[in-house]
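Remarks on the overall topology
This is what each chain is made of:
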Amino acid sequence: MTDTTATQPNQPMPPIARRVPTQRTHHGDVFVDDYEWLRDKSNPDVIAHLNAENAYTDAVLAAQEPLRERLFDEIKSRTKETDLSIPVRDKDWWYYTRTLEGKQYGISCRAPYRDGEARPTPRPGEALAGEQVLLDGNVEAEGKEFYSVGALALTPDQNRLAALMDFAGDERYAVTVRDIATGETIEESVTDVGYGLVWSAAGDAYFYTRVDESWRPHQVWRHVVGTDPSEDVLLYQEDDAAFWLGIGGTHDDRWLILSMGSKNTSEFHLMDLHDEAAGWRVVQPRTEGLDYDIEIDGDRLYIVHNRDRVDFDVAVAPLADPGVDNWQPLLVGAEGERILGVSAYRDFMLVGLRAGGLPTVRLLPKEGEGFGAARELPFAGELTVVGVGANPTYEATTLMVATESFIEPRAIYDWDTTTDEVTLLKRREVLGGHDPADYQQHRLWVTAPDGAQVPVSLVAHRDVTPDGTNPVLLYGYGSYESSIDPYFSVLRLSLLQRGVVFAIAHVRGGGEMGRSWYLDGRLEHKKNTFTDFVAAGRHLVETGWAAPDRLAAEGGSAGGLLIGAALNEAPELFCAVHAQVPFVDALTTTLDPSLPLTQGEWEEWGNPLADPDVYAYMKSYTPYENVRDVDYPSVLATTSLNDTRVFYVEPAKWVQMLRRTVTSDQNERPILLKTEMVAGHGGVSGRYEAWKEAAFETAWILDRLDASEIVHPASANV
């Protein structure tokens with residue numbers, strides 16, 4: 001049951017969940033959790049409580065509805081709703097996606113390729129000649145509250161399509177197989193599968209994965225189309241709970257690649273799809289701490305590995321005998337460069353890496369059995385992100401590449417690798433006017449408490465100066481070696497035009513500055529993630545970019561853990577905190593090996609079940625158990641009922657603890673929870689619904705920053 005407590009006359013009443021003490025005892029420490037009962041979503045009282053929280057949030061924020069509508073209209077008015085992606089050639093077809101005004105989902109299509117034909121450039125809304133629809137998300141989602149595609153896979157002859165579809169948001173997929181030419185559904189019998197889908201060489205069977213009770217992908221199965229799933233064959237099972245597996249194919253449709261990895265160790269197996277009876281071939285058996293990735297190129301194998309250098313090198317080995325004893329050095333990264341991966345083509349190899357805190361790509365031309373001097377992609381710019389687009393053709397000499405920054409919308413080019421000529425194919429169009437010259441972007445460096453130099457990327461309107469009056473939204477993540485790079489956002493324009501400065505703190509635990517940056521923000525160094533973020537916030541105030549009372553913070557998932565921990569450390573620093581699907585009850589989750597992700601996460605956080613020091617360290621920072629009885633800013637926690645990565649119960653419990661503990665005036669600084677009742681970790685599905693959700697969250701941030709009115713109108717379109 002959920003009670004309510006009045007605040008002031010005529011004020012909405014926050015839901016107060018009943019307290020049901022649950023005792024947790026580990027390593028001599030006793031913690032009494034009054035809200036653990038909220039974990040059982042089959043309990044009608046839990047659903048009633050979440051609905052009451054939603055009703056309270058709606059009531060408290062009712063006055064923001066006009067601002068939400070304005071923000072939604074601004075997103076919509078800047079977006080070309082009827083559009084078409086750049087066609088990509090794969091064998092005898094051009095593949096692309098279309099969107100239509102008023103439609104929630106994209107339409108995956110293809111059209112025939114004619115020998116020697118240049119890449120077509122149709123106008124938005126136009127179909128290419130001979131178009132075939134592969135998958136229309138609007139048709140698939142009809143009558144459904146949620147819809148998401150986990151993968152699309154074509155048979156080698158490209159006559160059949162298999163799709164993974166999710167209709168709940170829980171990332172459990174059903175497989176649909178269709179004949180592309182006729183649109184006929186051939187079968188829909190295989191359900192409850194994980195990520196990954198690869199066809200057999202003959203196109204009569206496909207490979208898929210299943211997850212265990214803790215949502216860990218642990219099995220690879222083979223299904224013959226048209227047969228009962230009970231007859232499917234189990235090809236591999238991973239029993240080590242620290243390892244997740246995944247499957248993929250190669251551009252020549254020759255190999256099935258089975259990858260297995262923990263947070264710091266990996267292993268790859270290969271199956272020749274032209275000789276399945278030969279079974280699996282191990283590349284290099286797992287060795288604790290040896291992390292590697294592979295790329296097949298004919299009879300050679302390229303290996304990106306950390307055997308000799310923490311930031312990885314590239315080796316080459318014969319495919320027939322690819323073990324570590326045969327790894328020959330091919331490319332040694334320079335100091336400060338983190339090699340991420342390689343892609344093989346007939347005439348060259350592409351190397352993805354991070355340098356100077358930003359991603360980039362280099363090309364190594366093939367010369368005999370070796371490679372020539374590396375060449376940079378011909379793109380540069382302050383805080384510009386460079387990447388490679390879809391290039392499935394092994395013989396390609398012209399590649400699609402993409403760039404974007406805070407102020408430049410995503411642009412896609414054709415790069416002729418023989419002449420270095422670059423041709424702009426498409427730049428994301430911002431309707432209603434966008435001039436990059438209206439904005440400024442900077443890289444700041446912040447000194448952390450231990451002396452580390454933490455990069456912060458910042459964007460603002462050109463007329464904004466660091467005069468100590470600005471509203472600022474500071475974003476952070478900082479886990480799993482994931483990097484949050486500068487990116488363009490039409491929604492962010494609504495912030496910038498209202499004078500808000502947007503900043504990303506590239507804190508340790510992320511991968512922005514290489515593998516060591518990640519290692520310095522995990523396990524027993526995890527608190528560096530939180531202190532880096534707080535230092536970044538204080539730096540923005542001290543240097544005048546942020547007004548002392550107008551700094552808001554935002555982060556999601558593991559970034560929600562960051563936000564919650566930073567909030568406990570420095571509640572006075574922030575005026576508002578938005579925690580998205582936040583991992584705020586980290587210790588409780590990490591103590592339960594039956595929960596999704598837990599055992600695999602022990603290499604990220606430590607194992608508090610086995611190690612009392614890890615338990616004590618995590619207990620000292622996990623947000624739920626460290627809420628203090630001091631003034632806190634207003635908090636908005638957003639979550640989804642069907643999230644299988646971070647359960648809704650974590651923010652639900654955290655909000656209750658905040659309400660009962662903090663000393664803030666909760667009329668002035670309300671603690672709010674909003675739960676999407678049919679959605680998953682990524683929130684609602686459908687672009688218009690996603691825009692509404694984004695407008696809701698942004699309206700709350702702008703209201704707390706006292707920045708709801710536009711002060712910098714857009715320039716004329718240029």
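Residues numbered from 1 in each chain as written. Predicted model: local features only at pLDDT ≥ 70, side-chain atom pairs only at ≥ 80, totals over all residues. Heavy atoms only, no water.

1. Looking at the packing of aromatic side chains
Selection rule: Any two rings among Phe, Tyr and Trp, with Trp reduced to its six-membered ring, count as a pair given centres within 6.5 Å; such a pair is stacked if its planes are under 30 degrees apart, edge-to-face if over 60, and tilted if neither. Definition used: whenever NZ (Lys) or CZ (Arg) falls within 6 Å of the ring centre and also within 35 degrees of the ring normal, the charge is taken to sit over that ring.
Under the definition given, this model contains 20 aromatic pairs. Following the ring pairs from residue to residue traces out a cluster consisting of Phe72, Tyr688 and Trp691. Note that arginine 492 overlies the ring of phenylalanine 502, its terminal NZ or CZ placed 4.4 Å from the centroid. Between the NZ or CZ atom of lysine 674 and the centre of the ring of phenylalanine 696, over which it lies, the distance is 4.8 Å.

2. So, the sheet that holds strand E21 (residues 280-282)
Selection criterion: The pairing criterion is simple: DSSP has to find at least two bridges between the two strands. Secondary structure counts use DSSP, requiring at least four H or I residues in a row for a helix and at least two E residues in a row for a strand, with both numbered from the N terminus. In this description, a line fitted to the C-alpha atoms serves as the axis of each element, helices being fitted only across the stretch in contact, and the angle between N-to-C directions of two axes falls anywhere from 0 to 180 degrees.
One open sheet holds the 4 strands; their spatial order is E18-E19-E20-E21, and the pairing between them is antiparallel. Taken across any chain shown, the strands that pair with only one partner, and hence form the sheet edges, are strand E18 (244-249) and E21. Going across the sheet, the axis of each strand differs from the next one's by a mean of 25°, ignoring polarity. Across 3 bridges, the pairing between strand E20 (residues 266-272) and E21 is antiparallel. Paired with histidine 269 across the two strands is valine 282, which belongs to E21.

3. Here's the deal with the pairing of strand E15 (residues 205-211)
Basically, it comes down to this: When a residue's accessible area, from a 1.4 Å probe over protein chains only, is under 20% of the maximum for its type it is buried; when over 50% it is exposed; and in between it is partly exposed.
Most of E15 sits out of view: 5 of its 7 residues are buried. With 3 bridges connecting them, strand E14 (residues 197-199) and E15 associate as antiparallel partners. Each residue of the ladder has a partner; that of leucine 197, found in E15, is tyrosine 208. Taking the residues between adjacent antiparallel strands as the criterion, E14 and E15 are bridged by 5 residues, where glycine 203 takes a positive phi near 75°. Two strands pair when backbone bridges link them, and E15 and strand E16 (residues 217-224) are joined in this way by 7 bridges, in the antiparallel orientation. Residue pairing in the sheet places tyrosine 206 in a bridge with histidine 223 of E16.

4. Focus on the nonpolar core
Note the following rule: For this analysis, a nonpolar core means a set of buried residues of the types Ala, Val, Leu, Ile, Met, Phe, Trp, Tyr and Cys, connected via side-chain atoms within 4.5 Å. The criterion used for residue contact is that any of the two residues' heavy atoms lie within 4.5 Å.
One finds Leu38, Leu474, Phe533, Leu540, Phe574, Trp654 and Leu658 to be the most contacted residues of the largest nonpolar core, which totals 71 residues. Leave out the neighbours within four places in its chain, and tryptophan 654 touches Gly564, Leu567, Ala579, Val584, Pro623, Tyr624, Val627, Val635 and Ala637. Counting 42 residues, the second largest nonpolar core, distinct from the first, contains Val459, Val500, Phe502 and Ala552.

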